[in-house]
Amino acid sequence: LDAFSKARQNLIYAETRMNKASSRSHAIFQLRILRRSAEPASPATVGCLRIVDLAGSERVKKSQVEGARFKETTSINKSLLALGNVVNALAFKKPHVPFRDSKLTTILSDAFGGNCKTALLVCISPSISSASETISSLEFATRAMDVEVHASVNRLPANTAVDEQLSLFADQAAAWRLDALDAQQRLGALEQSSQEAQRETQEAHARVSQLEVELAHWKDRALLAEAAQSRCAEQLATLESQHSRERR
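Here the structure is a predicted model, which is why all the values come from computation and not from measurement.

Q: Sorry, what's going on with the layout of surface pockets here?
A: To find the voids left in a structure, one rolls a probe of water-molecule size over its atoms. Volume-wise, the second largest pocket comes out at about 1000 Å³. Every residue lining the second largest pocket is counted, 26 residues in all, and those nearest its centre are Lys71, Thr74, Ser75, Lys78 and Gln185. For the lining of the second largest pocket, the residue count by class is seven nonpolar, 12 polar and seven charged.

If you want it as structure tokens, here you go:
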């Protein structure tokens, strides 16, 4: 419970137009348990408990989030879409299951297929304004019920030195896969930022070109004004000369 309470402190909430305390990320509490007898020759059992709190999908038109909150919403919706694709692939027994499409599905790959027991709690709203989200959540739950899982006891042999080393390598490989996914997501964010910078540069060039055209127009008008001023000065000088002659 202490570990669970400490993990809950990492949760991030923020206010949107739809929810005063909206989760801004998914939360995964993972606990690995290894039980070994005091007798050196006896086998051991190992298991993993995962408690997952999925952030709800958001429609930007309703939540009206901006800036960092918009990026969080995009990440949440993208990972939920990847999770839905995994559930669809498992429910319809497709040959390829896209576990590696997101960090969420990579971490939860053991909880959706093979040797596991999984319980899914779906929260829905009775409000009519949220009818589409409610129907979508129920459809997801219906597809998740078609996923077949079979749980059995994970027993380690008495001589577990090699198995423990292999388990360590597996954990390292999983961490590397997560790092690779993180790097891929950062690369995608950098590419998006680069595209935005290119678009802003193009807009700036277009604005500069427009300003150059306006500047040339105003230069032409200034030249015309100077020419008109010169003509007026000449006409004034002519009138003053005529007036002087008439007075003589």
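Q: I'm lost on the environment of Leu34 in this one. Help?
A: Residue placement: Leu34 occurs in strand β3 (residues 27-36). Distance in space between the C-alpha atoms of Leu34 and Arg155 is 9.9 Å, their sequence separation being 121 residues.

Q: How should a nonpolar patch on the surface be read in this particular structure?
A: On the surface, Leu31, Ile33, Leu49 and Ile51 cluster together into a nonpolar patch covering about 330 Å² of accessible area. Secondary structure elements with two or more residues in the nonpolar patch: β3 and β4 (44-53). Relative to the elements of secondary structure, Ile51 occurs in strand β4. You can call Ile51 partly exposed: its relative accessible area is 39%.

Cut-offs used in this document
Residues numbered from 1 in each chain as written. Predicted model: local features only at pLDDT ≥ 70, side-chain atom pairs only at ≥ 80, totals over all residues. Heavy atoms only, no water. 1 Å grid on protein atoms, 1.4 Å probe; cavity = no way out; pocket = protein on both sides within 12 Å on 5 of 7 lines; lining within 4 Å. Points joined across faces, edges and corners; volume = space filled by probe spheres on them. Nonpolar A, V, L, I, M, F, W, Y, C, P; charged D, E, K, R; others polar. Helix = DSSP H or I, 4+ residues; strand = E, 2+ residues; numbered from the N terminus. Patch = residues over 30% accessible without salt bridge, like charges linked within 9 Å, V, L, I, M, F, W, Y side chains within 5 Å. Areas by Shrake-Rupley, 256 points an atom, 1.4 Å probe, with all protein chains shown as cover. Salt bridge = Lys/Arg side-chain N within 4 Å of Asp/Glu carboxyl O. Buried < 20%, exposed > 50% of the residue type's maximum accessible area, 1.4 Å probe, protein only.

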